[in-house]
Amino acid sequence: MTYAPNMPELETSEIDDSLKSEYMSSLRMIERLHRLLLDVVKDEFERHGSTEVNSIQALLLYNIGESELSAGELRSRGYYLGSNVSYNLKKLVDMGYISHERSDTDRRSVRVKLTDKGQNVCDVINSLYGRQLNALEKVAGINEGNLSDLNKSLVQLERYWTDQIRFRL
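Since the model is a prediction, treat every value here as computed from it, not as a measurement.

Here we look at the nonpolar core
Counting 25 residues, the largest nonpolar core has Ile 64, Leu 89, Leu 92 and Ile 98 as the members making the most contacts within it. Every element with two or more residues in this core is listed here: helix 1 (17-47), helix 2 (55-64), helix 3 (71-76), helix 4 (82-94), strand 3 (110-114) and helix 5 (116-140). Excluding residues within four positions of it along the chain, Leu 92 makes contact with Val 53, Gln 57, Leu 60, Leu 61, Tyr 97 and Ile 98.

Right, here's the structure in full:
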């Protein structure tokens, strides 16, 4: 049995080698794709001559979009860790990409929304995704069915991992 570098040995020796190999490959691919997405976003902003926001902040702005949300709502969507959201929201408010105000119903809660400057960042990401969608099938050979199958598998993996945490399996 072969193991990925720096990975602890799995508890059971009865795991099918091919299943283990595919699972470990999937885990590495998920990590790599996340890093690549951040690099693609960074590259897009460098092409526009804008390096004030980093790729994580740009995606945060994109995920806020037209909504007015609290930091807790961003966390509950599963996009970000608590300290990451708070830090980046503060930076984005300071740089003028987000406006914030206290909630009328819960004064402890702060609601955020994009300023025009933040909407411009959102528009850059939207344009990037649009260009990618137009070329996805032609260049990468990826069609709607491929993405649908991928999304089903990722949702199943997400449920499995969520259950691992929730039920301490």
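A closer look at the packing of helix 1 against helix 2
As a packed pair, helix 1 and helix 2 sit with axes 9 Å apart at the nearest point and diverge in direction by 90 degrees. Looking at the two axes, helix 1 sits roughly perpendicular to helix 2. Within the contact between the two elements, helix 1 uses Leu 37, Leu 38, Val 41, Lys 42 and Phe 45 and helix 2 uses Ser 55, Ile 56, Ala 58 and Leu 59. For the contact of helix 1 with helix 2, the class distribution of residues is seven nonpolar, one polar and one charged.

A word on helix 5
With 25 residues, helix 5 ought to run about 36 Å at 1.5 Å a step, and its terminal C-alpha atoms sit 34 Å apart, in line with that. The sharpest bend along helix 5 reaches about 35 degrees and sits at Asn 134. Buried residues of helix 5: Gly 118, Val 121, Cys 122, Val 124, Ile 125 and Leu 128, and no others. Of the surrounding elements, those touching the buried residues of helix 5 are helix 1, helix 2 and strand 3.

Describing the pattern of salt bridges
Under the counting rule described, the total for this entry stands at seven salt bridges. Put simply, Arg 131 and Glu 44 hold a salt bridge, and the shortest N to O gap is 2.7 Å. Residue Arg 131 is found in helix 5, and its partner Glu 44 is found in helix 1; the two are separated by 87 residues along the sequence. On the basis of relative accessibility, which here comes to 41%, the residue Arg 131 falls in the partly exposed class. Relative accessible area serves as the criterion here: at 4%, Glu 44 is assigned to the buried category.

A word on the pairing of strand 3
Pairing analysis gives two bridges linking strand 1 (residues 69-70) to strand 3, with the strands arranged antiparallel. Residue pairing in the sheet places Leu 69 in a bridge with Val 112 of strand 3. Bridge count for strand 2 (residues 98-102) against strand 3 is five bridges, and the pairing is antiparallel. When the bridges of strand 3 are listed, Glu 101 appears paired with Arg 111.

What to know about helix 6 (residues 144-166)
An α-helical turn contains 3.6 residues, so any two residues separated by three or four positions project in the same direction. Under the 1.5 Å per step criterion, the end-to-end length of helix 6 is 32 Å for 23 residues, consistent within 8% with the ideal 33 Å. Its side-chain oxygen placed 2.9 Å from the backbone nitrogen of Gly 145, Asn 143 serves as the N-cap of helix 6. Of the residues trailing helix 6, Arg 168 is marked for its positive phi of about 50 degrees.

Topic: the packing of helix 2 against helix 5
Running from N to C, helix 2 and helix 5 point in directions that differ by 95 degrees, and their axes come no closer than 8 Å. Between helix 2 and helix 5, the interaxial angle falls into the category roughly perpendicular. Every residue of helix 5 that contacts helix 2 at Ala 58, Leu 59, Leu 61 and Tyr 62 is listed here: Gly 118, Val 121, Cys 122, Ile 125, Asn 126 and Tyr 129. When grouped by side-chain class, the residues that make up the contact of helix 2 with helix 5 number eight nonpolar, two polar and no charged.

Cut-offs and rules
Residues numbered from 1 in each chain as written. Predicted model: local features only at pLDDT ≥ 70, side-chain atom pairs only at ≥ 80, totals over all residues. Heavy atoms only, no water. Core = buried A, V, L, I, M, F, W, Y, C linked by side-chain atoms within 4.5 Å. Buried < 20%, exposed > 50% of the residue type's maximum accessible area, 1.4 Å probe, protein only. Helix = DSSP H or I, 4+ residues; strand = E, 2+ residues; numbered from the N terminus. Contact = heavy atoms within 4.5 Å. Axes fitted to C-alpha atoms, helices over the stretch in contact; angles between N-to-C directions. Parallel < 35°, antiparallel > 145°, perpendicular 65-115°, else oblique. Nonpolar A, V, L, I, M, F, W, Y, C, P; charged D, E, K, R; others polar. Expected span 1.5 Å × (residues − 1). Bend = angle between axes of the 7 residues up to and from the residue. Salt bridge = Lys/Arg side-chain N within 4 Å of Asp/Glu carboxyl O. Pairing = 2+ DSSP bridges. Polar contact = N/O pair within 3.5 Å; in protein donor to acceptor, adjacent residues only side chain to side chain.

Taken by themselves, the reported measurements are silent on function.
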